[in-house]
Amino acid sequence: MIKIGFYQGCCFQGQDAHMFETMKETFKKLDVELELLEETTCCGGNTIDEENRKLSYAINARNIALAEARGLDMLVSCNTCYMVIAKAKRALDTDEELREEINNLLREEGLEYKGTSRIYHLLDFFRDAVGYEKIRKAVKRPLKGWKVAAYYGCHVLYPKEIAIDNSDNPSSLQEILKALGAEVIDDYEHKDACCGYHSFFTDKSMTLKKLNRILGSVKKMGADIVATPCPLCFKSFDIYQLNMEKPPMVPSSFLPELMAYAFGIDKETSGLAHHLVKVEKD
Amino acid sequence: METVKLQVFRYDPEKDAAPYYKEYEVPVEGTLLNALLYIKDNLDPTLAFRAFCRSEVCGSCSMKVNGKTKLACKTPMKELVETWKGKPLRIDPLSHMNVIKDLVVDIDKPIEKMKTLIPWLVPDPRVVPTDPMHESIIYPEEMKAYRDQIHCMLCFSCYSACEAVEDNSRYRGPFAFSRAYRFQVDRRDIETAKEKRIRYAISGGLWSCVQCQKCLYVCPKGVKPAEDIQNLRGQSVKKGFTDKPGARKLKHFVDWIYATGQINRLYLPEEVYGNKEAREKLTKAYQEMGVEVWEVPKPTKGLMKFRDIYLEILSKENKALELDFSHVRKIDKMVSDIFKADICTIVDRAHERGESAKGLIGKLKELLGGK
Ligand code: SF4
Ligand code: SF4
Ligand code: FES
């Protein structure tokens, strides 16, 4: 049994609270216990950095320190949260002055950033801590005949300092999808384009152009569904897609949903039943 | 000797009807630039590419390998072969610029775009002596603010890889914003120029960057354009350019995270666009799907201490926005109404809340307008 601190960010509470329950169930099947780090706050979404970078570092030093206080590594299940927190960790680990300054503030809450906890994203957690074999063994309902387009999203591959896989030619997502029994499509034209999530409020037409390119090229390859390890990319695909003039109506999924389904959890509970672009395949 | 196949983009607009790829077998030795020189010396003298210093200084040898931007003289062939597992390597010219011949592109466009951001020092006569006999001193401490940016060698790797350039032709480019920022934090540069630069940056797409971080990834010199863009956005807000969706989004983050430890995605569209409808529509859409929606701003344990840390940093640092306490009080009131207690009590009882949270859903739907 592996126990890991779960960082919830905004994507696993509020309107998406069910997602945390699903994750807990799914991870149980891999002998992983998720311990919710409920005192953690928003990572700042890579937006607080515009206000003040040190604030972003401090918020995330606190988030990490909360996992460290429990003696746990931390699992961050969102690409952007992962990137922001991993960047903060790097800054804190390499800049002693910064660490000291922030620790002086954290001490008031009885916390200290030590740098002892590893920050995992889903993909490297599955690869390094769980192992693909274990995933394969947990599969009850192989995704036979599912053509799944693998989409990583930017913030687990770039920048290099925080990348969890080979940034140019990553393989962890394909390995996981293969373990689920799916037929993986990873050579579609715009697999490396940004999903546009973060420009939806600031330059909407850019988001829609990106979705058009990505989902268009996915469709061309005849994929049944897109799988991404990022809840934000997933939202861009599932929700923002509908803002397109002619939505290609390509179904998408957040990776753990597909895993839940392959592990025998029903479509309703896995979340797959609730997408705006219906997941017809079963 | 180990070899690998390079499929090299070939195109001479004066002769060829269309571009094509030509395959060459090269030794897996040295850098990609060595491989190209090998082709030129031994296999095909007609191949055109740019390179000069061979040591990551001149910035002329950027190109794409299997779609990924690389500086040829910095990229070991071994690494490429390992990454792509021995598969052929497709070599293309940089994106977003016209091809002059083969791997040589026309860099005029990005250069012209950069110039619109005043990428030079406009001396402030109060700081920079006009008398050439007097030195204009910069202290090492000051230089830290633009230590990385000055290493940009205009290789255009970031311009080629940029997601914003790809879908917004007006977008000035990562390196251009980094150059601009470099002067924004130079004490010798006059305030009026700084103001203008921000204006031009905004019209040049400052808020269009998607923060994909590809510019950080591809830059051979460790420049961090995406972060400079964030800094410029902060400066623009500080200078009063707050009437932008991006600036309002920032305000949402700053206020809500302070108030509740979280952003509030139901209120975000409303606070960015004044769009109440989005909140109502979202709530309704979820209800129709049978999903319980409640975007309760859920104050976390330790929130009061968290607020202290937050304020402490903001009070010491050069911030973009002031925390809007009247907004924070409104948020507090909303939270108090929902939980029927004041914010401190709610935070104290946070641990008891887990299970009972679901009971709040009906109430919240009412409050959040999802009736
Ligand atoms: S982070 Fe912004 S500037 Fe950098 S490559 Fe992406 S879109 Fe372009
Ligand atoms: S910022 Fe880096 S990648 Fe961009 S042009 Fe300058 S040196 Fe090249
Ligand atoms: S040849 Fe000068 S940077 Fe590569």
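Reading the values: rules and limits
Residues numbered from 1 in each chain as written. Chains lettered and ligands numbered in written order. Predicted model: local features only at pLDDT ≥ 70, side-chain atom pairs only at ≥ 80, totals over all residues. Heavy atoms only, no water. Helix = DSSP H or I, 4+ residues; strand = E, 2+ residues; numbered from the N terminus. Rg over C-alpha atoms; globule rule 2.2 N^0.38 Å. Buried < 20%, exposed > 50% of the residue type's maximum accessible area, 1.4 Å probe, protein only. Contact = heavy atoms within 4.5 Å. Areas by Shrake-Rupley, 256 points an atom, 1.4 Å probe, with all protein chains shown as cover. Lys, Arg positive; Asp, Glu negative; His and termini not counted. Charge placed at Lys NZ, Arg CZ, Asp CG, Glu CD. pLDDT = per-residue confidence, 0-100. Buried area = accessible area lost by both parts, 1.4 Å probe. Salt bridge = Lys/Arg side-chain N within 4 Å of Asp/Glu carboxyl O. Polar contact = N/O pair within 3.5 Å; in protein donor to acceptor, adjacent residues only side chain to side chain. Patch = residues over 30% accessible without salt bridge, like charges linked within 9 Å, V, L, I, M, F, W, Y side chains within 5 Å. Axes fitted to C-alpha atoms, helices over the stretch in contact; angles between N-to-C directions. Parallel < 35°, antiparallel > 145°, perpendicular 65-115°, else oblique. Left-handed = near helix turned anticlockwise from the far one by under 90°. Nonpolar A, V, L, I, M, F, W, Y, C, P; charged D, E, K, R; others polar. Pairing = 2+ DSSP bridges. Right-handed = clockwise from strand over helix to strand, strands pointing away. Disulfide = S-S within 2.5 Å. Near = heavy atom within 4 Å.

*Asks:* Which parts of the structure should I look at to understand the overall build of chain A?
*Replies:* Across its full length, chain A carries 12 helices and eight strands. Its C-alpha atoms give chain A a radius of gyration of 19 Å, within 12% of the compact-globule value 19 Å for 282 residues. In terms of principal-axis extent, the alpha carbons of chain A reach across some 55 × 45 × 35 Å. Within chain A, the fraction of its 282 residues that count as buried is 67%. Of all intrachain contacts in chain A linking residues separated by at least 6 positions in sequence, the fraction that spans at least 24 positions is 75%. Summing over all exposed atoms, chain A offers an accessible surface of approximately 9700 Å²; the carbon and sulfur share of this is 46%. In chain A, 37 side chains carry a positive charge and 43 a negative one; their mean positions are 5 Å apart.

*Asks:* What should I look at first to understand the confidence of the model for chain B in this one?
*Replies:* Close inspection of predicted coordinates is inappropriate for parts of the model with low pLDDT. Residues and elements named next belong to chain B. Taken residue by residue, chain B gives an average pLDDT of 89. The fraction at 70 or more is 89%. Across residues 353-371, where pLDDT falls below 50, the model places 31 contacts with residues more than four positions away in sequence or in other chains. The ipTM assigned to the predicted complex is 0.96, against a pTM of 0.93.

*Asks:* Any chance you could explain the interface of chain A and chain B here in plain terms?
*Replies:* Many authors give the size of an interface as the accessible area that is lost as the parts come together. Each side of the interface is counted separately: chain A has 65 residues, and chain B has 65 residues. For the chain A and chain B pair, buried surface summed over both sides reaches about 6100 Å², with 55% attributable to carbon and sulfur atoms. Between chain A and chain B we count 12 salt bridges in total. Taking the shortest distance from any N to any O, the salt bridge between Lys316(B) and Glu101(A) comes out at 3.6 Å. Run the count over chain A and chain B and you get 28 residue pairs in polar contact (both at pLDDT 80 or more).

*Asks:* How should a nonpolar patch on the surface be read in this particular structure?
*Replies:* A cluster of nonpolar side chains, namely Leu242(A), Met249(A) and Leu276(A), defines an oily patch on the protein surface of about 230 Å² accessible area. Looking at the secondary structure, you find Leu242(A) in the loop between helix 10 (231-238) and strand 8 (252-254).

*Asks:* Can you walk me through the packing of helix 1 (residues 17-28) of chain A against helix 11 (residues 255-262) of chain A in this structure?
*Replies:* The description of two packed helices rests on the angle between their axes and on the distance between the axes. Residues and elements named next belong to chain A. For the pair helix 1 and helix 11, interaxial distance at closest approach is 10 Å and the crossing angle is 50°. Taken as axis vectors, helix 1 and helix 11 run oblique relative to one another. The handedness of the crossing between helix 1 and helix 11 comes out as left-handed. Together, Met-19, Thr-22, Met-23 and Thr-26 of helix 1 and Pro-256, Glu-257, Met-259 and Ala-260 of helix 11 make up the contact between the two elements. Classifying every residue of the contact of helix 1 with helix 11 gives five nonpolar, two polar and one charged.

*Asks:* Which parts of the structure should I look at to understand the pairing of strand 7 (residues 225-228) of chain A?
*Replies:* For a regular strand, side chains alternate in direction, first toward one face of the sheet and then toward the other. All names here are of chain A. Residue alternation in strand 7 divides its side chains into two sets, Ile-225 and Ala-227 and Val-226 and Thr-228, and both sets are buried. Of the pairings in the sheet, the one linking strand 5 (residues 147-150) to strand 7 comprises three bridges and is parallel in character. What sits directly across from Ala-149, in strand 7, is Val-226. For the segment spanning strand 7, helix 10 and strand 8, crossover handedness is right-handed.

*Asks:* Quick question: what am I supposed to make of the state of the cysteines here?
*Replies:* In protein structure, a disulfide is the covalent linkage between the sulfur atoms of two cysteines. Applying the stated criterion across every chain, the model contains zero disulfides over all chains. With no disulfide of its own, Cys195(A) has Cys233(A) as its nearest cysteine by sulfur position, at a separation of 3.8 Å.

*Asks:* What exactly am I supposed to notice about the site of ligand 2 here?
*Replies:* With respect to spatial proximity, the complete set of residues near ligand 2 consists of Cys152(B), Met153(B), Leu154(B), Cys155(B), Phe156(B), Ser157(B), Cys158(B), Phe175(B), Cys219(B), Pro220(B) and Val223(B). Tallied by class, the residues present in the shell around ligand 2 amount to 10 nonpolar, one polar and no charged.

*Asks:* It is not clear to me how the site of ligand 1 should be interpreted in this structure. Could you clarify?
*Replies:* In the vicinity of ligand 1 lie 13 residues, with Cys162(B), Tyr171(B), Cys209(B), Cys212(B) and Cys215(B) positioned nearest. Taken together, the residues that form the shell around ligand 1 break down as 10 nonpolar, two polar and one charged.

*Asks:* When you look at the environment of Lys238(B) in this model, what are you seeing that I'm missing?
*Replies:* Residue and element names in this part refer to chain B. Considering the arrangement of structural elements, one finds Lys-238 in helix 10 (residues 225-238). On the basis of relative accessibility, which here comes to 47%, the residue Lys-238 falls in the partly exposed class. Each C-alpha atom, one on Lys-238 and one on Tyr-258, is 19 Å from the other, the two residues being 20 residues apart in sequence. Excluding anything up to four places from it in sequence, Lys-238 contacts Asn-318, Lys-319 and Ala-320.

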